[in-house]
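# Working through the structure, step by step
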Number of protein chains: 2
Amino acid sequence: MDEVKIIEIKKSVFADNDADAEALRADLKARGVYLLNLMSSPGSGKTTTLIQTLLRLEGRLRVAVMEADIDSDVDAVKIREATGVPSIQLHTGGMCHLDAEMTRQGLDNVALQDVDLVVLENVGNLVCPAEFDTGAVRNAMILSVPEGEDKPLKYPLMFSVCDLVLINKMDVLPYFDFDLEKCREYIRMRNPRAKVLPICARTGEGVDAFADWLVEEVYNWKHA
Amino acid sequence: MDEVKIIEIKKSVFADNDADAEALRADLKARGVYLLNLMSSPGSGKTTTLIQTLLRLEGRLRVAVMEADIDSDVDAVKIREATGVPSIQLHTGGMCHLDAEMTRQGLDNVALQDVDLVVLENVGNLVCPAEFDTGAVRNAMILSVPEGEDKPLKYPLMFSVCDLVLINKMDVLPYFDFDLEKCREYIRMRNPRAKVLPICARTGEGVDAFADWLVEEVYNWKHA
């Protein structure tokens, strides 16, 4: 198998990230490409969730993946080997987030004419990525059961900016003190409009619902 | 019980964090106070580990805790209620890390003449906190089993700057694909000198060893 393409992202020189993000979204809209910004803590299962989701999207959506990481290309390799979906690795050079200009640098390396959906797997971090609009149509995040239901209290901005919260690793619920109803309540406090989907990437529970959500989102984006 | 003291940390105005950190360490040395900077992802169990450790340090070390968080005071309250140890909450105002000057702002609110050890629970984040010397004598981090053994590959700086890595939630090892030997190997790649301690804050496994390490560290710092 070929090497995964690794893009070394440069720090943005533009000051107005919100304007950059709007311009990027308009550009993607014109091309009929939907960009999802997927965020989470390290180790919440972003890559495994993505693999299971991509397998369910085969034949329904044409997808590409951009994996942002400080270092290493383990995620992009894993995704391509497991799904065959074109994946590139973005190295942030120590930076803790991606902004719109950095996202555009990544997209310049994606064959946008061949895809309906690009998933940006952001740097594993509940703080900084929430502060920067990447130009994505929607923000989604994964909170995993072992992290605890109190995370919306401690990382309020992340939960306020997300349209969808996937609660992953539901299979280990019996082994952790995690109160799903309290978690839903805390998420509602931060963002009453956020959709909450309990899933388990390992067993596949709930992943169909996430795939269906993506198909509907992309359809609406293309036809709105 | 009294309200927990909440300190709103201001952004540092000083440019040279390394010099600030050295000055703070010298100041702490002169006062005979040991500062531990404890880092981890969100939800790795920092607060629970700290509670179990503080209970084991009673009568051996005089301790104070500074809980850094974007928002909320749940951790400082939990620690004080469970252990009686004086705990203050540092609000970072959205910032993703603490530097030496911000740490000093917190320490100004601790009765340093009455303590041997101050534990700074840094913001839950594997990226930014690793970039800033807080003035601590040592950096420690918690990696929890559900996060996966590949984290040293993906967050290299965090593992290079830590003198001690606690591997927490060992009780759920049977339910996760986590290879402890591989994890040790990846940590060694980043930092051959780092001490690795598998623990479980919930069952108490390994926590005595962490408490003993702290007692020895504080003794050496005071008498070196």
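Treat the numbers as computed from the prediction; the structure is a model and nothing was measured.

Across its full length, chain A carries eight helices and eight strands. Against the globule reference of 17 Å for 224 residues, chain A gives a C-alpha radius of gyration of 16 Å, in line with a compact fold. Across the 224 residues in chain A, those meeting the buried criterion constitute 62%. The contacts in chain A between residues at least 6 apart in sequence include a share of 77% that link residues at least 24 apart. Summing over all exposed atoms, chain A offers an accessible surface of approximately 8,900 Å²; the carbon and sulfur share of this is 49%. Between the centroid of the 25 positive side chains of chain A and the centroid of its 37 negative side chains there is a distance of 3 Å.

This part takes up the environment of Glu67 of chain A. Residues and elements named next belong to chain A. In this fold, Glu67 is placed in strand 3 (residues 63–69). Assessed through its relative accessible area of 0%, Glu67 is described here as buried. Placed 22 residues apart in sequence, Glu67 and Gln89 show a C-alpha to C-alpha distance of 4.7 Å. When residues no more than four places from it in sequence are discounted, the contact partners of Glu67 are Thr47, Leu50, Asp75, Ala76, Ile79, Ile88, Gln89, Leu90 and Glu121.

Take the pairing of strand 6 (residues 138–144) of chain B next. Residues and elements named next belong to chain B. Along strand 6, six of the seven residues are buried, which leaves the element largely enclosed by surrounding structure. Pairing of strand 2 (residues 34–40) with strand 6, which is carried by five bridges, proceeds in the parallel orientation. Bridge pairing links Leu38 to Ala140 in strand 6.

Let's shift gears to the sheet that holds strand 1 (residues 5–8) of chain A. Across a sheet, strands are paired by hydrogen bonds formed along the backbone, either parallel or antiparallel in direction. All names here are of chain A. Strand order in the open sheet formed by eight strands is 1-4-3-5-2-6-7-8, with parallel pairing between adjacent strands. Edge positions in the open sheet fall to strand 1 and strand 8 (195–198), since each of these has one partner strand only. Within this sheet the neighbouring strands show an average axis-to-axis angle of 20°, counted without direction. One ladder, built from five bridges, connects strand 6 (residues 138–144) with strand 7 (residues 164–168); its direction is parallel. The residue of strand 7 that forms the bridge with Ala140 is Leu164. Here helix 4 (residues 100–107) sits on the sheet and contacts strand 1, strand 2 (34–40), strand 3, strand 4 (87–91) and strand 5 (117–121); the angle it forms with strand 3, its principal contact strand, is near 130°.

Our next topic: the interface of chain B and chain A. Opposite the 33 residues of chain B that make contact, chain A presents 33 residues. Each partner contributes to the roughly 2,600 Å² buried at the junction of chain B and chain A, and carbon and sulfur atoms together form 57% of this total. It is Pro42, Lys154 and Tyr175 of chain B in chain B that bury the most area against chain A; as a group they hold 23% of the surface buried on that side. Viewed at the interface, chain A and chain B are joined by four salt bridges. Counting the contacts that link chain B with chain A gives nine residue pairs in polar contact (both at pLDDT 80 or more). Elements with a contribution of two residues or more to the side of chain B that touches chain A: helix 3 (74–83) and helix 5 (151–154) of chain B. Of the residues in the side of chain B that touches chain A, the class split is 15 nonpolar, six polar and twelve charged.

On to the packing of helix 2 (residues 46–57) of chain A against helix 8 (residues 207–223) of chain A. Residues and elements named next belong to chain A. Interhelical geometry of helix 2 versus helix 8 gives an angle of 65° and a closest axis separation of 9 Å. The two elements helix 2 and helix 8 cross, and the hand of that crossing is right-handed. Contact with helix 2, carried on its side by Thr49, Gln52, Thr53, Arg56 and Leu57, involves Val207, Asp208, Phe210, Ala211, Leu214 and Val215 of helix 8 and no other residues of that element. Broken down by class, the residue content of the contact of helix 2 with helix 8 amounts to six nonpolar, three polar and two charged.

Take the environment of Val215 of chain B next. Residue and element names in this part refer to chain B. With respect to the secondary-structure elements, Val215 resides in helix 8 (residues 207–223). Overall, the relative accessible area of 21% leaves Val215 in the partly exposed class. Put simply, Val215 and Leu61 are 154 residues apart on the chain and 7.0 Å apart in space, counted from C-alpha to C-alpha.

Here the focus is the packing of helix 2 (residues 46–57) of chain B against helix 3 of chain B. Residues and elements named next belong to chain B. Their axes nearest at 10 Å, the elements helix 2 and helix 3 cross at an angle of 25°. Accordingly, the angle class assigned to the pair helix 2 and helix 3 is roughly parallel. Of the two possible hands of crossing, helix 2 and helix 3 adopt the one that is right-handed. Contact residues: Thr47, Leu50, Ile51, Leu54 and Leu55 in helix 2; Asp75, Lys78, Ile79, Ala82 and Thr83 in helix 3. For the contact of helix 2 with helix 3, a count of residues per class yields six nonpolar, two polar and two charged.

Rules and cut-offs
Residues numbered from 1 in each chain as written. Chains lettered and ligands numbered in written order. Predicted model: local features only at pLDDT ≥ 70, side-chain atom pairs only at ≥ 80, totals over all residues. Heavy atoms only, no water. Helix = DSSP H or I, 4+ residues; strand = E, 2+ residues; numbered from the N terminus. Rg over C-alpha atoms; globule rule 2.2 N^0.38 Å. Buried < 20%, exposed > 50% of the residue type's maximum accessible area, 1.4 Å probe, protein only. Contact = heavy atoms within 4.5 Å. Areas by Shrake-Rupley, 256 points an atom, 1.4 Å probe, with all protein chains shown as cover. Lys, Arg positive; Asp, Glu negative; His and termini not counted. Charge placed at Lys NZ, Arg CZ, Asp CG, Glu CD. Pairing = 2+ DSSP bridges. Axes fitted to C-alpha atoms, helices over the stretch in contact; angles between N-to-C directions. Buried area = accessible area lost by both parts, 1.4 Å probe. Salt bridge = Lys/Arg side-chain N within 4 Å of Asp/Glu carboxyl O. Polar contact = N/O pair within 3.5 Å; in protein donor to acceptor, adjacent residues only side chain to side chain. Nonpolar A, V, L, I, M, F, W, Y, C, P; charged D, E, K, R; others polar. Left-handed = near helix turned anticlockwise from the far one by under 90°. Parallel < 35°, antiparallel > 145°, perpendicular 65-115°, else oblique.

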